[in-house]
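One-letter residues, chain by chain:
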Amino acid sequence: MGRRCSIDAKALTSTVCMREEVVVIKWGGGLITQKEKFCVPRPKVINSLAKVLREVLDHAPKPTRIVLVHGAGSYGHLRSKMWRLQEGKLPDGSVAPEEEDGCHSQEEAVYLVREELLELNRLVCTSLFHYGIKTCVHSPHKWAHGTGPSFKGDISGRFLKSDTAIDVTYGDVVDVGSSSFGILSGDDLVVRLSCELPNVRCLVFAVGGGIDGLLSLAPSKGGSNEHLIHEWSDSMPSNSFLHQENIDVTGGMAKKAACGAMVARKTSRVRVMVVNGEIPSRVLACMMGEDKVRGTRIVARAAVNLSKL
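Only a predicted model underlies this, so the values are computations on that prediction, with no experimental measurement involved.

Quick word on unusual backbone geometry
One non-glycine residue with positive phi stands out, namely C39, at about 50 degrees. One non-glycine residue, L160, lies in the positive phi region at around 65 degrees. Relative to the elements of secondary structure, L160 occurs in the loop between β3 (134-137) and β4 (165-170).

What follows is the structure in structure tokens.
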């Protein structure tokens with residue numbers, strides 16, 4: 001009688017998963033919400049981006065897993081700015097918002113911001129469900145501790161565990177120390193996700209504001225898409241594309257550039273792109289692995305090709 005082959009189902013599943021490519025996509029808060037107004041989403045934009053994810057799942061050249069990170073936009077930045085949540089716990093009475101928002105302390109503001117972020121996340125997941133995409137949500141305030149890309153939290157043990165859903169997480173207010181808090185940016189999350197998950201092929205920052213990527217002249221100074229930087233490394237200055245610092249409490253475009261450069265330095269396998277999220281075809285092309293997409297590629301090298309600027 002022939003020898004029966006014993007198959008470890010768990011090992012087989014792991015092997016199959018390892019063959020899948022992973023795409024990490026960041027939807028900017030200023031893309032999916034009207035950032036200047038409290039809790040105002042942009043449903044048409046959210047739906048168009050959700051449709052892109054459906055296209056990737058159905059038509060990517062290779063089996064692909066998606067990890068989606070979305071920003072907070074008007075569901076977090078404005079109230080966080082008012083209550084200086086990015087600075088952590090401040091002495092009672094030292095924070096005096098210029099306008100009434102229903103909160104009486106930083107602690108109340110933290111609670112409200114978290115609830116608002118959950119509402120934005122529900123809108124995102126509802127849109128994805130409309131396109132037949134199931135989601136597995138990982139709210140950072142439930143599992144992450146600390147801020148910056150070195151925050152404490154298990155990435156490999158939490159993400160890519162569901163065979164039937166995509167993973168979704170977002171920028172959030174998290175605990176820092178025993179009695180304080182801080183803002184964990186979605187840009188910091190994508191650094192860890194891109195570097196620690198297996199088989200990540202690309203990281204795509206889909207940004208709003210009608211811009212095609214990083215610009216050599218800030219929009220506030222008259223910069224337009226004619227000033228697009230096609231290729232950028234952190235050997236180049238970042239102060240040229242700072243914008244919306246009066247609203248954004250997590251660093252804005254410069255933060256995205258820095259985090260993208262960190263990924264490019266740590267792992268050569270990941271292609272890092274910043275593209276106009278209001279043009280879904282470009283987001284789709286990046287996620288599909290196309291090379292010639294209008295946007296900014298972030299690279300890790302001492303000098304970039306100046307002919308591409």
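Next comes the rest of the write-up.
Some remarks on the pattern of salt bridges
With the rule as written, the count across this model stands at 18 salt bridges. Here E119 makes a salt bridge to R122, at a shortest N to O gap of 3.1 Å. Placement of the pair is E119 and R122 together in helix α5 (residues 106-130), with a separation of 3 residues, close to one helical turn. Note that D212 is salt-bridged to R294, the shortest N-O span being 2.7 Å. Taken together, the residues D212 in the loop between β7 (200-207) and β8 (231-232) and R294 in the loop between α8 (280-288) and β10 (296-298) connect sequence positions 82 residues apart. For R294, a relative accessible area of 34% translates into the label partly exposed. Connected through salt bridges with shared partners, the residues E21, K62 and R201 form a single ionic network.

Quick look at the nonpolar core
Counting residues in hydrophobic clusters, the biggest one holds 49 residues, and the most contacted among them are I25, W27, L53, L85, L128 and M287. Per-element tally for this core: the top contributor is α5, with 8 residues.

Observations concerning the packing of helix α6 (residues 186-196) against helix α7 (residues 252-266)
Direction vectors running N to C along α6 and α7 enclose 15 degrees, while the axes themselves pass 9 Å from each other. Put simply, α6 runs roughly parallel to α7. Here α6 and α7 pass one another in a crossing that is right-handed. Across from D187, D188, V190, V191, S194 and C195 in α6, the residues of α7 making contact are G252, K255, K256, C259, M262, V263 and K266. Residues that form the contact of α6 with α7 fall into these classes: 6 nonpolar, 2 polar and 5 charged.

Brief notes about the pairing of strand β5 (residues 172-176)
In this structure, β5 lies alongside strand β6 (residues 180-184), joined through 5 bridges in antiparallel fashion. What sits directly across from D172, in β6, is L184. Connecting β5 to the antiparallel partner β6 that follows it, the hairpin turn spans 3 residues, and G177 within it adopts a positive phi of roughly 75 degrees.

Topic: the sheet that holds strand β9 (residues 271-276)
Strand pairing in a sheet is mediated by backbone hydrogen bonds. Such pairs are either parallel or antiparallel. The mixed open sheet is built from 8 strands, whose spatial order is β3-β4-β2-β1-β7-β9-β10-β8. Every other strand in the sheet has two partners, leaving β3 and β8 as the edge strands with one partner each. Here β9 runs beside β10; their pairing, made up of 3 bridges, is antiparallel. Paired with V272 across the strands is I298, a residue of β10. Those strands touched by α8 are β1 (21-27), β2 (64-70), β7 and β9, and its axis lies near 165 degrees from that of β7.

As for the pairing of β9
With 6 of its 6 residues buried, β9 lies for the most part within the structure. Side chains R271, M273 and V275 project from β9 onto one buried face, and the interleaved V272, V274 and N276 project onto a second face that is buried too. The pairing of β7 with β9 spans 6 bridges and is classified as parallel. Paired with V204 across the strands is M273, a residue of β9.

Focus: the packing of helix α3 (residues 43-59) against α8
In the contact formed by α3 and α8, the axes pass within 10 Å of each other and the chain directions differ by 30 degrees. In terms of their interaxial angle, α3 and α8 are classed as roughly parallel. For the pair α3 and α8, the sense of crossing is right-handed. Contact residues: S48, L49, V52, L53, E55, V56 and H59 in α3; P280, V283, L284, M287 and M288 in α8. Considering only residue class, the contact of α3 with α8 consists of 9 nonpolar, 2 polar and 1 charged.

Quick look at the confidence of the model for the protein
Segments scoring low in pLDDT should not have their predicted coordinates read at a detailed level. Here the protein shows a mean pLDDT of 87. Residues at 70 or above account for 86%. Counting contacts from residues 1-16, a segment whose pLDDT is below 50, to residues more than four positions away or on other chains yields 2 contacts. A low-confidence stretch, residues 303-309 stays under pLDDT 50, and its non-local contacts, those more than four residues away or across chains, total 14 contacts.

Focus on the side chain of S80
Within the fold, S80 resides in helix α4 (residues 77-82). Exposure remark for S80: the relative accessible area of 2% places this residue in the buried category. One polar contact links the side chain of S80 to the main-chain carbonyl oxygen of G76, over a distance of 2.7 Å.

Here's the deal with the packing of aromatic side chains
Under the criterion given, the structure shown has 2 aromatic pairs. With 5.7 Å between their ring centres and 70 degrees between their planes, W143 and F159 make a pair best called edge-to-face. On the criterion of sequence distance, the pair formed by W143 in the loop between β3 and β4 and F159 in the loop between β3 and β4 is long-range, its members being 16 residues apart. Across the pair, exposure class does not vary: W143 and F159 are buried alike. Against the face of F151 rests R192, its NZ or CZ located 4.4 Å from the ring centre.

Conventions used here
- Residues numbered from 1 in each chain as written.
- Predicted model: local features only at pLDDT ≥ 70, side-chain atom pairs only at ≥ 80, totals over all residues.
- Heavy atoms only, no water.
- Helix = DSSP H or I, 4+ residues; strand = E, 2+ residues; numbered from the N terminus.
- Salt bridge = Lys/Arg side-chain N within 4 Å of Asp/Glu carboxyl O.
- Buried < 20%, exposed > 50% of the residue type's maximum accessible area, 1.4 Å probe, protein only.
- Core = buried A, V, L, I, M, F, W, Y, C linked by side-chain atoms within 4.5 Å.
- Axes fitted to C-alpha atoms, helices over the stretch in contact; angles between N-to-C directions.
- Parallel < 35°, antiparallel > 145°, perpendicular 65-115°, else oblique.
- Left-handed = near helix turned anticlockwise from the far one by under 90°.
- Contact = heavy atoms within 4.5 Å.
- Nonpolar A, V, L, I, M, F, W, Y, C, P; charged D, E, K, R; others polar.
- Pairing = 2+ DSSP bridges.
- pLDDT = per-residue confidence, 0-100.
- Polar contact = N/O pair within 3.5 Å; in protein donor to acceptor, adjacent residues only side chain to side chain.
- Phe/Tyr/Trp six-rings, centres within 6.5 Å; stacked < 30°, edge-to-face > 60°.
- Lys NZ or Arg CZ within 6 Å of the ring centre and 35° of its normal.

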